[in-house]
Amino acid sequence: MHELSIAMQLVDVAARAAEDAGAERVSVVRLRLGALSGVVRDALEFSFAIVAADTALAGAQLQIEELPLVIYCVPCARKATLVGISSFRCPSCNTPSGDIRQGRELEIVGLEIMGAGVAQQQPLHP
Amino acid sequence: METRLLAIRAGVLSKNDELAATLRERFDANGVLALNFVSSPGTGKTAWLEATLRALVQRGQRVAALVGDLETDNDARRLARSGAAVRQILTHGNCHLEAEWVRNHISAAGWNIAELDYFFIENVGNLVCPASYDLGEQLRVVLLASTEGEDKPLKYPVIFNSADVAIITKWISPPL
Ligand SMILES: Nc1nc2c(ncn2[C@@H]2O[C@H](COP(=O)(O)OP(=O)(O)OP(=O)(O)O)[C@@H](O)[C@H]2O)c(=O)[nH]1
Ligand SMILES: [Mg+2]
Ligand SMILES: [Zn+2]
Ligand SMILES: [Zn+2]
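Residues numbered from 1 in each chain as written. Chains lettered and ligands numbered in written order. Predicted model: local features only at pLDDT ≥ 70, side-chain atom pairs only at ≥ 80, totals over all residues. Heavy atoms only, no water.

Visitor: When you look at the layout of surface pockets in this model, what are you seeing that I'm missing?
Guide: Unoccupied space between atoms shows up once a probe the size of one water molecule is rolled over them. Taken as a whole, the largest pocket encloses approximately 410 Å³ of empty space. What lines the largest pocket is a set of 19 residues, and nearest its centre among them are R104 of chain A together with A131, S132, Y133 and R140 of chain B. Elements represented by at least two residues in the lining of the largest pocket include exactly helix 1 (14–29), strand 6 (139–145) and helix 6 (157–162) of chain B. Looking at side-chain class alone, the lining of the largest pocket contains seven nonpolar, five polar and seven charged residues. (1 Å grid on protein atoms, 1.4 Å probe; cavity = no way out; pocket = protein on both sides within 12 Å on 5 of 7 lines; lining within 4 Å. Points joined across faces, edges and corners; volume = space filled by probe spheres on them. Helix = DSSP H or I, 4+ residues; strand = E, 2+ residues; numbered from the N terminus. Nonpolar A, V, L, I, M, F, W, Y, C, P; charged D, E, K, R; others polar.)

Visitor: What exactly am I supposed to notice about the coordination of the zinc ion (ligand 4) here?
Guide: Angles between donor atoms at a metal ideally measure 109.5 degrees for a four-coordinate tetrahedral arrangement and either 90 or 180 degrees for a six-coordinate octahedral one. Residues and elements named next belong to chain A. Each protein donor to the zinc ion (ligand 4) is listed here as C73 (SG), C76 (SG), C90 (SG) and C93 (SG); together their distances run 2.2 to 2.3 Å. For the zinc ion (ligand 4), the four donor atoms in the first shell make angles of 103 to 114° at the metal, so the coordination geometry reads as tetrahedral. Positions of the donor residues of the zinc ion (ligand 4), expressed as sequence spacing, correspond to C-x2-C-x13-C-x2-C. On the criterion of sequence distance, the pair formed by C76 in the loop between strand 3 (70–73) and strand 4 (78–81) and C93 in the loop between strand 4 and strand 5 (100–102) is long-range, its members being 17 residues apart. Judged by relative accessible area, which is 24%, C76 ranks as partly exposed. (Donors = N, O, S within 2.8 Å, 3.2 Å for Na, K, Ca; no water. Tetrahedral: all angles 85-135°; square planar, octahedral: opposite > 155°, others 65-115°. Buried < 20%, exposed > 50% of the residue type's maximum accessible area, 1.4 Å probe, protein only.)

Visitor: What is the right way to read helix 2 (residues 41–52) of chain A from this model?
Guide: All names here are of chain A. Its 12 residues place the ends of helix 2 16 Å apart at the C-alpha level, agreeing with the 16 Å of an ideal helix rising 1.5 Å per residue. The complete set of buried residues in helix 2 reads A43, L44, S47, F48, V51 and A52. Taken around the axis of helix 2, the buried residues stretch over an arc of 145°, which confines them to a single face. Facing away from the buried side of helix 2, by more than 90 degrees, are the exposed residues D42, F46 and A49. Taken together, the buried residues of helix 2 touch helix 1 (3–20), strand 1 (25–34) and strand 2 (61–67). Of the residues flanking the end of helix 2, it is D54, one or two places downstream, whose phi is positive at about 70°. (Expected span 1.5 Å × (residues − 1). Arc of directions from axis to C-beta. Contact = heavy atoms within 4.5 Å.)

Visitor: Is there a simple way to explain the packing of aromatic side chains in this structure?
Guide: What describes a pair of aromatic rings is the distance from one ring centre to the other and the angle between the planes of the rings. Residue and element names in this part refer to chain B. With the rule as written, the count across this model stands at five aromatic pairs over all chains. Considering the side-chain rings of F27 and F119, the 5.2 Å spacing of their centres and the 25° angle between planes classify their relative orientation as stacked. Of this pair, F27 sits in helix 1 while F119 sits in strand 5 (residues 118–122), and the two are 92 residues apart along the sequence. Assigned by exposure class, F27 and F119 land together as buried. On the numbers, 6.0 Å between centres and 45° between planes, the contact of F37 with F120 is tilted. (Phe/Tyr/Trp six-rings, centres within 6.5 Å; stacked < 30°, edge-to-face > 60°.)

Visitor: Help me understand the side chain of K152 of chain B in this model?
Guide: Tracing the chain through its elements places K152 of chain B in helix 5 (residues 152–155). Setting aside residues no more than four positions away along its own chain, K152 of chain B makes contact with L144 and F160 of chain B.

Visitor: Is there a simple way to think about helix 1 of chain B in this case?
Guide: Residues and elements named next belong to chain B. The end-to-end C-alpha distance of helix 1 is 22 Å, a good match for the 22 Å that 16 residues give at a rise of 1.5 Å each. Among the residues making up helix 1, those that are buried are N16, L19, A20, L23 and F27. Mapping the buried residues of helix 1 onto a view down its axis gives an arc of 100°, with all of them on the same face. Exposed residues lying more than 90 degrees from the buried face of helix 1 are E18, E25 and A29. As for helix 1, its buried residues are in contact with strand 2 (33–38), helix 4 (99–109) and strand 5.

Visitor: Can you walk me through the interface of chain B and chain A in this structure?
Guide: How big an interface is tends to be stated in terms of the accessible area lost upon association of its parts. Across the boundary between the two partners, chain B contributes 25 residues, which contact 39 residues of chain A. Of the roughly 2,900 Å² buried at the junction of chain B and chain A (both faces included), carbon and sulfur atoms supply 58%. If you sort the residues of chain B by the area they bury against chain A, E2, R4 and V12 of chain B come out on top, with a joint share of 26%. Our enumeration of links across chain B and chain A arrives at one salt bridge. (Buried area = accessible area lost by both parts, 1.4 Å probe. Salt bridge = Lys/Arg side-chain N within 4 Å of Asp/Glu carboxyl O.)

Visitor: Just to check I follow, could you spell out the site of ligand 1 for this structure?
Guide: All names here are of chain B. In the region of ligand 1, 14 residues are neighbours, and K45, T46, A47, D75 and R78 sit closest. At 3.0 Å from an oxygen atom of ligand 1 is found a main-chain nitrogen or oxygen belonging to G44. A distance of 2.7 Å separates an oxygen atom of ligand 1 from a polar backbone atom of A47. Computed on the free molecule, ligand 1 has an accessible area of 650 Å², of which 59% lies beneath the protein chains in the complex. Every element with two or more residues in the shell around ligand 1 is listed here: helix 2 (45–58) and helix 3 (74–80). Of the residues that constitute the shell around ligand 1, the class distribution is two nonpolar, six polar and six charged. (Near = heavy atom within 4 Å. Polar contact = N/O pair within 3.5 Å; in protein donor to acceptor, adjacent residues only side chain to side chain. Areas by Shrake-Rupley, 256 points an atom, 1.4 Å probe, with all protein chains shown as cover.)

Visitor: Any chance you could explain the sheet that holds strand 2 of chain A here in plain terms?
Guide: Adjacent strands of a sheet pair through backbone hydrogen bonds, lying either parallel or antiparallel. Read from one edge to the other, the open sheet built from four strands follows the order 2(A)-1(A)-6(A)-1(B), with strand pairing classed as mixed. At either margin of the open sheet sits one strand with a lone partner, and together these are strand 2 of chain A together with strand 1 (2–11) of chain B. Between one strand axis and the next, the sheet turns by 15° as a mean value, whatever way the strands run. Against the sheet, helix 1 of chain A touches strand 1, strand 2 and strand 6 (106–115) of chain A together with strand 1 of chain B, its axis set at about 45° to strand 6 of chain A. (Pairing = 2+ DSSP bridges. Axes fitted to C-alpha atoms, helices over the stretch in contact; angles between N-to-C directions.)

Read these as spatial facts, not as claims about activity.
Okay, here's the thing in structure tokens:
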């Protein structure tokens, strides 16, 4: 169970990005969570609410986009989306593949920030 | 108060990953092979390392090892008998090691990476949480004891999938 320490780092990264953008509060955090990230969604949501209290993220909504595992199949010469994470075989031709194209993500992709004048500011990295 | 959407792309573990990348660069630049050993509690990480460290030290290789456990310095004492430089990391309840602790313990031990040939990390016995934390190793080694059941890679796909090497331990059955 390391979701508490993941949640602490999540709040830390989000709070710093929000501060850099001149925000006072964060109302939404958008997160991409890969099937192979090793993070349990429920445990992360639970930990996030606790860790976010007393920070600029207090009460913020955590919007999680779950990403399935995607491998690249050489014989088929294309990517294939897999169901679950216990088999790494191409669903079309059954060839195993270690070439993972999606599924390890554990990243923040957006924040909804609030503060005086934030709407005027330009994104730092447009 | 105004609201706006801030598009960013930031890895949640970016701080750990950056520290790990810095460590790996230092290992690479100094020709040190760094390995991170993960398994369930009791699979035989320390036993495997005891034999490996002894063999390397006997061949005149310069070896250092960090070992993480929730409590006790038993493993560090076992490994130190090999003659290698060993340091225990006590996590006091934490179920995995992080790159920052590896860096801090290397400096607290006073080890100079440039003077090493091999650097071993024995992670906390746990098949789940260590998977998420890059420690700057060049190779992640996962151990599986034959007695744990052959379906462990199916039950713990994240760690087995992230490993570069797998070692099967306890494959010689003891006399009954
Ligand atoms: N029969 C047999 N016993 C082994 C083998 N490897 C380790 N053991 C025994 O298994 C027990 C646990 O081994 P350790 O090396 O302490 O295991 P560990 O993975 O370091 O355990 P933690 O650090 O607590 O996670 C010890 O009693 C070892 O002697 C093996 O290959 N065969
Ligand atoms: Mg041990
Ligand atoms: Zn844990
Ligand atoms: Zn295919």
